[in-house]
Amino acid sequence: MNYQTIKVNFQNKICYIQIYRPDEKNTINELLIEECHAVLDQCEESINIVVLEGLPEVFCFGADFQDMYAKLSSGQLVEPKPERLYDLWLRFATGPYITISHVRGKVNAGGVGFVAASDIVLSDMTAQFSLSELLFGVFPAAVLPFLIRRVGIRKANYLTLMTQPYSVQQALECGMVDACDNDSQALLRKHLLRLRPLSKKAILRYKRYMGRLDETLELSKQLAVEANKEVFSDPQNLEGIRRYVEKGIFPWEN
């Protein structure tokens with residue numbers, strides 16, 4: 001298939017997905033979500049490992065504000081649809097394959113959702129993580145259930161409130177990242193060599209078992225979706241996003 005927002009490569013039982021929106025800072029739009037779902041559909045039966053990558057400078061920078069701005073400017077209703085994104089991350093967390101986020105460069109907002117939903121997170125030393133949502137009057141409602149599962153509620157709360165970039169060393173210490181190296185490609189190869197012998201059946205049974213041990217992600221979906229729709233439907237928040245895209249002025253600035 002020809003994808004517009006991602007690059008996909010299948011090698012034996014491994015699927016490599018690269019978020020590829022270089023002109024939009026690898027931000028998330030509806031097409032990206034649907035194309036990722038389409039790829040995971042192909043991975044259900046025969047793929048053992050899914051590797052998600054971004055660009056060297058930016059892994060994923062969160063929601064596509066430019067897309068929101070275009071809709072606002074044309075008078076279209078900005079209708080939040082967080083269900084499909086939440087379901088995508090749920091598939092990363094619980095699907096019948098091992099998911100690896102290979103992170104380089106900046107990871108912000110919804111990009112952290114992809115990382116937090118992954119089974120394994122590897123990075124190089126340029127990786128930088130942040131949750132900037134509260135600066136715009138919103139909060140990472142859909143990200144938080146996955147982030148809490150990975151780093152705990154105390155650290156997830158701190159990251160959300162502070163909104164500032166988090167270094168790879170800090171991410172490693174809190175459990176956001178599992179392993180890092182200057183040569184993250186070599187680090188990824190080492191992990192794949194170790195993971196390749198695992199059978200599809202073993203992976204499926206293990207992921208199913210882990211999902212039953214902690215059903216928080218499923219139980220949190222409705223609450224996360226409702227909260228996301230509330231904050232992204234607020235006219236004041238949308239006006240702050242519009243002004244930021246037009247003038248580069250943050251909501252708290254005069």
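Refer to the structure printed above.
What counts as what
Residues numbered from 1 in each chain as written. Predicted model: local features only at pLDDT ≥ 70, side-chain atom pairs only at ≥ 80, totals over all residues. Heavy atoms only, no water. Phe/Tyr/Trp six-rings, centres within 6.5 Å; stacked < 30°, edge-to-face > 60°. Helix = DSSP H or I, 4+ residues; strand = E, 2+ residues; numbered from the N terminus. Buried < 20%, exposed > 50% of the residue type's maximum accessible area, 1.4 Å probe, protein only. Lys NZ or Arg CZ within 6 Å of the ring centre and 35° of its normal. Pairing = 2+ DSSP bridges. Patch = residues over 30% accessible without salt bridge, like charges linked within 9 Å, V, L, I, M, F, W, Y side chains within 5 Å. Areas by Shrake-Rupley, 256 points an atom, 1.4 Å probe, with all protein chains shown as cover. Salt bridge = Lys/Arg side-chain N within 4 Å of Asp/Glu carboxyl O. Lys, Arg positive; Asp, Glu negative; His and termini not counted. Charge placed at Lys NZ, Arg CZ, Asp CG, Glu CD.

### Here's the deal with the packing of aromatic side chains
This structure, assessed with the given rule, holds 10 aromatic pairs. With a centroid separation of 5.8 Å and 80° between ring planes, the pair formed by Phe92 and Phe114 is classed as edge-to-face. With a gap of 22 residues between them, Phe92 in helix α3 (residues 82-94) and Phe114 in helix α4 (residues 110-117) connect regions that are remote in the sequence. Judged by centre distance (5.1 Å) and plane angle (75°), the rings of Phe136 and Tyr244 are edge-to-face. On the criterion of sequence distance, the pair formed by Phe136 in the loop between β8 (128-130) and α5 (144-151) and Tyr244 in helix α11 (residues 235-247) is long-range, its members being 108 residues apart. The class for Tyr244 is partly exposed, based on a relative accessible area of 29%. An aromatic cluster is defined as three or more aromatic residues linked by ring pairs; in this entry it consists of Phe65, Phe136, Tyr244, Phe250 and Trp252. A cation over a ring is seen here: Lys7 above Tyr20, with NZ or CZ 4.0 Å from the ring centre.

### Focus: the pairing of strand β3 (residues 49-53)
Burial of β3 is extensive: five of the five residues sit out of reach of the surface. With burial as the criterion, each face of β3 is covered, one bearing Ile49, Val51 and Glu53 and the other bearing Val50 and Leu52. Pairing between strand β2 (residues 14-19) and β3: five bridges, direction parallel. Paired with Gln18 across the strands is Glu53, a residue of β3. Inspection of the sheet shows β3 paired to strand β5 (residues 98-103) by five bridges, in the parallel sense. Across the sheet, the residue bridging to Glu53 is His102, located in β5.

### Observations concerning unusual backbone geometry
Of note in the backbone geometry, Lys25 takes a positive phi value of approximately 55° without being a glycine. Turning to its location among the elements, Lys25 is positioned in the loop between β2 and α1 (30-43). One non-glycine residue, Thr163, adopts positive backbone phi at about 65°. Among the secondary structure elements, Thr163 is positioned in the loop between α6 (153-162) and β9 (166-167). Judged by its relative accessible area of 15%, Thr163 falls in the buried class.

### Comments concerning a positive patch on the surface
On the surface, Lys201, Arg205, Arg208 and Arg212 cluster together into a patch of positive charge. Structurally, Arg212 can be placed in helix α9 (residues 200-213). Given a relative accessible area of 62%, Arg212 falls into the exposed group.

### Thoughts on the pairing of strand β7 (residues 120-123)
Of the two faces of β7, the one carrying Ile120 and Leu122 and the one carrying Val121 and Ser123 are both buried. Pairing of β5 with β7 involves four bridges; the strand directions are parallel. Looking at β7, one finds that Ile100 is bridged to Ile120. With two bridges connecting them, β7 and strand β10 (residues 179-180) associate as parallel partners. Each residue of the ladder has a partner; that of Leu122, found in β10, is Ala179.

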